[in-house]
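# Report on the structure
Listed below, chain by chain, are the residues.
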Amino acid sequence: MTLNTPLHYQIIKQDSYLRMPWKNGLGETLEIQRHDDEQGLRFRISQASVKDDGLFSDFSGLHRTLVLLSGNGMLLSHRNASSENDETTEHQLTTPLDMARFSGGDETHARLINGVIEDLNIMVRDSDCRSSVQACFAPAFLSLAHEATLFTGFYANEDSIVAFQADETGETNTLLIPSQSLMLLSQHAINLDAIQFISGCGILIEIADH
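These remarks concern the structure in this document. Residue numbers restart at each chain and count upward from 1, following the sequence in its written direction. Thresholds applied to this predicted model are a pLDDT of at least 70 for local features of residues and 80 or more for the giving and counting of side-chain atom pairs; totals over whole chains, interfaces and linings are not thresholded and use all residues. To get the side-chain values, all heavy atoms of the structure are used, and hydrogens and water are removed first.

## Looking at the overall build of the protein
Think of it this way: any DSSP run of H or I at least four residues long counts as a helix, any run of E at least two long counts as a strand, and we number them from the N terminus. Across its full length, the protein holds zero helices and 19 strands. By residue count, 44% of the 210 residues in the protein fall in the buried class. The contacts in the protein between residues at least 6 apart in sequence include a share of 73% that link residues at least 24 apart. Surface exposure here means Shrake-Rupley accessible area, sampled with a 1.4 Å probe, where a residue is shielded only by the protein chains that are shown. Entry remark: accessible area of the protein is about 10800 Å², with carbon and sulfur atoms responsible for 46%. Summary of the burial criterion: residues with accessible area below 20% of their type's maximum are buried, those above 50% are exposed, and those between are partly exposed, where the area comes from a 1.4 Å probe applied to protein chains only. The contact criterion used throughout is that any non-hydrogen atoms of two residues lie within 4.5 Å.

Here it is, written out as C-alpha cells:
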C-alpha cells in the first residue's frame, strides 16, 4: 500500500475495521490489518471483546501476541500438545497493555478475572515472519526499525498525540490519533527513525521478514 500523504501515513479509525466471526464460532473480531500470500495468512492484527471463559481457536503455524486493552483482565493457560511433558504455561494480564506471547498451536484457555475485556491480537506466520510489539506510555521516543520491515503501525489505546520530523528541513508534524485507531506507516517512510510520543498510550507494532 502506498499512502498518499507527504509523510506516508494513514489513520484508520475503528469504524473502518472489518467485522469477522471467530474461527471457533464463539464471538467476533474487528480485523484491523491482514496480509495473505500464496501460502495463506502471513500476518493479521485484530481487536476483540472476550465476554466468557473459554478455549481459544487453533492457529497452528502462527505466533500470537495478545495485549489487554481494557477490563479487569484475564488468566491464560497454554498447553503444548506436542510436548512430551504435556507442560503448561500461564500468563496473567491485569493492567492495560499487559501482553502475552505464545504459539497459536497451543491449547489456550482464557479465564476472565471479573467481566468483559477488550484485547488486541497480533498473529504472524512462524516460518517467515517475526513481530515486535511494544507497550508505549507518554512521554517517550519510539525508535523504528527499517530492515526487512513488512508493517509498522501504532495502535492508540486512548487519544494520543505524536510528533515526528516531517521532512529534511527539520519541520515537525504533530498528529492526534483517536482512541482505538491505527496509525499505519508506509514502507516509503524510510527517513523516519523515531516518533516522539507526547501524550496517551498505545502499542507500537513492527512486523518483519524472519
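We are not done yet, so read on.
## So, the sheet that holds strand β15 (residues 160–165)
Spatial strand order, β13-β18-β15-β16: four strands in an open sheet with antiparallel pairing. The open sheet has two edge strands, β13 (140–143) and β16 (172–177), and neither has a second partner. Mean inter-strand twist for the sheet, computed between neighbouring axes without regard to direction, equals 30 degrees. One ladder, built from six bridges, connects β15 with β16; its direction is antiparallel. When the sheet's bridge partners are listed, V162 is paired in β16 with L175. When DSSP locates at least two bridges between a pair of strands, those strands are taken to pair. Here the axes come from fitting lines to C-alpha atoms, over the contacting stretch only for helices, and the angles between their N-to-C directions go from 0 to 180 degrees.

## A few points about the environment of N173
Looking at the element boundaries, N173 is found in strand β16. Residue classification places N173 among the partly exposed residues on the basis of a relative accessible area of 23%. Separated by 11 residues in the primary sequence, N173 and V162 place their C-alpha atoms 8.3 Å from one another.

## Re the nonpolar core
By convention a nonpolar core is built from buried Ala, Val, Leu, Ile, Met, Phe, Trp, Tyr and Cys residues, the set being connected through side-chain atoms within 4.5 Å. Within the largest apolar cluster, 23 residues are counted, with the highest numbers of intra-cluster contacts made by L120, I122 and I203. Broken down by secondary-structure element, the contributors of at least two residues to this core are β3 (28–37), β4 (40–50), β6 (62–70), β11 (117–125), β12 (129–137), β14 (149–156), β17 (182–185) and β19 (201–209). Beyond its immediate sequence surroundings of up to four residues, L120 is in contact with I32, I45, S46, Q47, T65, L66, V67, L69, Y155, I203 and I205. Judged by nonpolar contacts, the second largest core, of 16 residues, contains L144, F164, I177 and L204.

## Section: the sheet that holds strand β8 (residues 88–93)
Sheets are built from strands paired through backbone hydrogen bonds, the pairs being either parallel or antiparallel. Ordered in space as β5-β10-β7-β8, the four strands form an open sheet in which the pairing is antiparallel. Two strands close off the open sheet at either side, each with one partner strand: β5 (54–55) and β8. With two bridges connecting them, β5 and strand β10 (residues 107–112) associate as antiparallel partners. Bridging across to β10, L55 finds its partner in H109.

## Thoughts on the packing of aromatic side chains
For Phe, Tyr and Trp, rings pair up if their centres lie within 6.5 Å, where Trp contributes its six-membered ring, and each pair is then called stacked (planes under 30 degrees apart), edge-to-face (over 60) or tilted (otherwise). Counting across every chain of the model gives four aromatic pairs. Relative to F197, the ring of F154 lies with its centre 5.2 Å away and its plane at 70 degrees, an arrangement referred to as edge-to-face. Linking F154 in strand β14 with F197 in strand β18 (residues 194–199), this pair joins segments that are 43 residues apart in sequence. Given a relative accessible area of 1%, F197 falls into the buried group.

## Some details on the pattern of salt bridges
Each salt bridge in this description consists of a side-chain nitrogen of Lys or Arg and a carboxyl oxygen of Asp or Glu lying within 4 Å of one another. Per the stated rule, a full pass over the model turns up eight salt bridges. Between R44 and E31 there is a salt bridge, with the nearest N and O atoms lying 3.6 Å from each other. Here the residue R44 occupies a position in strand β4, and E31 occupies one in strand β3, the gap between them amounting to 13 residues. Of the two residues, R44 and E31, both sit in the buried class. A network of salt bridges, in which partner residues are shared, links D37, R42, R125, D128 and D209.

That's the geometry; what it means functionally is another story.
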